Amino acid sequence: MSGDTSFGDRIVAAGFAAGWKLVPLLPERPTAAVFRFLADRVWARHGKSVARLESNLARVTGLEPGSRELSELTRAGMRSYFRYFHEIFRLPRMSGTEIVRRTRVVGAEHIHDTVAAGRGVVLALPHMGNWDQAGAWLVNVGHPFTTVAERLKPESLFRRYVAFREGLGMEVLPLTGGDGHNFATLALRVRRGGVVCLPAERDLTKTGVEVRFFGATTKMPAGPPLLAVQTGAALLPAIVHFDGDDWGIHIQEELPVPAEGTRQDKVKALAQGLADAFEKGIAEHPEDWHMLQRLWLDDLPPGAGR
């Protein structure tokens, strides 16, 4: 391991390794109960991540900070977040038939029909529900796809996450530390009629595109709308959420590229279209939005994210 890997990073990596090895060997209901218990413990401690989730949910729902309703929603949000981890540890042992059977999808035809017509698809989605399960569904209905993964620390955890996703049938490009040609690779995939899936509601760097989101300004990644503008691929917003013990996916209609304006204007318009679609989906399933980080510009320290 590299010298800059902390003891905490190594503990997290060991925990994930143990999770993928042991959780599938144990009964599902008892392990799910353990993950709910852990979620409740983390929620009760109300550390920085929980406080940030609560603040984000207050903005999304309009619930009063400090209210019982907001506190209970945040607890449900942490349970949803921990459910995601419980499920990804079990997912590699789950059959494709079960994944498809338990996934309730609205708008699947927007993918199927577009690919059948020879056009590529860019699916853009917020951090909601079980993204990896949704990806497994997509692979098992005949659309293996390419995505980009953040480079986690330590490197062993990143490699394990990549192996997990590749095992589900995804092509995974590293966000950093690769060959530096991610956008070109993604563009090639959709130009050949393939599918690309990208998280798309947070990019507070200088390259992010400013949008209005729940009444305030944030920044979203330029990549998904730029791919649509430059390649002609269909940009489809997708909302992923939990549906009882199963899963729900809502794939929305294509966001049309404006006929007029500069490339920058078109990218900004599409980014705002994504923000509007995500806003509606998150408002419908706020407990399944796993945003435990700062998102809006007015929540950032002075000078950050500008």
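See the structure printed just above.
Remember, predicted model here, so these are calculated numbers, not experimental data.

## Some thoughts on the environment of R165
So, step 1. Of note, R165 is situated in helix α8 (residues 155-167).
So, step 2. With 30 residues separating them in the primary sequence, R165 and G135 have C-alpha atoms 8.7 Å apart.

## Some points on helix α7 (residues 131-140)
So, step 1. In terms of burial, α7 is a largely internal element, nine of the ten residues being buried.
So, step 2. Turning to α7, its buried residues number three or more, namely W131, D132, Q133, A134, G135, A136, W137, L138 and V139.
So, step 3. By the N-cap criterion, in which a side-chain oxygen at the helix start approaches the backbone nitrogen of a residue two or three places on, α7 is capped by N130, the distance to D132 being 3.2 Å.
So, step 4. Directly beyond the C-terminal end of α7, a positive phi value near 105° is found at G142.

## Thoughts on the pairing of strand β2 (residues 121-125)
So, step 1. Counting buried residues along β2, five of its five residues qualify, which places the element largely inside the surrounding structure.
So, step 2. Along β2, one buried face is formed by V121, L123 and L125 and the opposite face, lined by V122 and A124, is buried too.
So, step 3. Direction of pairing for β2 relative to strand β5 (residues 195-199): parallel, over a ladder of five bridges. Bridged to V122 within β5 is V196.

## Overview of the pairing of strand β4 (residues 171-174)
So, step 1. Where strand β3 (residues 145-149) lies against β4, four bridges are found, and the strand directions are parallel. Bridge pairing in β4 places T147 opposite V172.
So, step 2. Taking the sense of rotation as the criterion, the β-α-β connection linking β3, α8 and β4 turns out right-handed.

## Focus on the packing of aromatic side chains
So, step 1. Inspection of the entire model under this criterion finds 17 aromatic pairs.
So, step 2. Here the aromatic rings of Y81 and F85 are separated by 5.0 Å at their centres, their planes lie at 75°, and the arrangement is edge-to-face. Residue Y81 and its partner F85 are both found in helix α4 (residues 68-90); the two are separated by four residues, about one turn of the helix.
So, step 3. The partly exposed category is assigned to Y81, whose relative accessible area is 24%.
So, step 4. Summarising the aromatic geometry, the rings of F213 and W296 are spaced 6.0 Å apart at their centres and angled 20° between planes, so their arrangement reads as stacked. Placement of F213 in strand β6 (residues 209-213) and of W296 in the segment after α11 (263-284) is noted, with a sequence separation of 83 residues between them. The pair F213 / W296 is uniform in exposure class, with both members buried.

## Focus: the sheet that holds β4
So, step 1. With mixed pairing, seven strands are arranged side by side in an open sheet as β1-β9-β8-β2-β5-β3-β4. The open sheet has two free edges, formed respectively by β1 (103-106) and β4, since each of these has just one partner strand. Direction aside, the axes of adjacent strands within the sheet are offset by 25° on average.
So, step 2. Strands β2, β5, β8 (234-243) and β9 (246-251) of the sheet are contacted by helix α6 (residues 109-116), whose axis makes an angle of about 155° with β2.

## Digging into the nonpolar core
So, step 1. With 91 residues, the main nonpolar core has I88, L123, Y161, F213, F278 and W289 as its most contacted residues.
So, step 2. The leading source of residues in this core is α4, at eight residues.

## Considering the environment of G281
So, step 1. Tracing the sequence through the fold places G281 in helix α11.
So, step 2. Its relative accessible area of 3% is what places G281 among the buried residues.
So, step 3. The spatial distance from the C-alpha of G281 to the C-alpha of I239 is 5.9 Å, given a sequence separation of 42 residues.
So, step 4. Excluding residues within four positions of it along the chain, G281 makes contact with M128 and I239.

Rules of the game
- All chains use their own residue numbering, which begins from 1 and follows the written sequence.
- Local features are withheld for residues below a pLDDT of 70 in this predicted model, meaning they are given only at 70 or higher, and side-chain atom pairs are given and counted only at 80 or more; totals for whole chains, interfaces and linings count all residues.
- With hydrogens and water set aside, each side-chain value is computed from the structure's full complement of heavy atoms.
- Helix and strand definitions here come from DSSP, where helices need a minimum of 4 consecutive H or I residues and strands a minimum of 2 consecutive E residues; each element is numbered from the N-terminal end.
- Whether a residue is buried, partly exposed or exposed follows from its accessible area with a 1.4 Å probe, protein chains only, as a fraction of its type maximum: under 20%, in between, or over 50%, in that order.
- Any pair of N or O atoms that falls within 3.5 Å is considered a polar contact. Within protein, one atom must be able to donate a hydrogen and the other to accept it, and sequence-neighbouring residues count only if both atoms are side-chain atoms.
- Should DSSP find at least two bridges between two strands, the strands are regarded as paired.
- Viewed with both strands pointing away, a crossover whose connecting path from the first strand over the helix to the second turns clockwise is right-handed.
- Two aromatic rings from Phe, Tyr or Trp, using only the six-membered ring of Trp, form a pair when their centres are within 6.5 Å; if the ring planes differ by under 30 degrees the pair is stacked, by over 60 it is edge-to-face, and anything between is tilted.
- All axes are obtained by fitting lines to C-alpha atoms, using only the stretch in contact for helices, and the reported angles, taken between N-to-C directions, cover 0 to 180 degrees.
- The contact rule is simple, with two residues in contact once any of their heavy atoms fall within 4.5 Å.
- Throughout, nonpolar core names a set of buried Ala, Val, Leu, Ile, Met, Phe, Trp, Tyr and Cys residues whose side chains join them through atoms within 4.5 Å.

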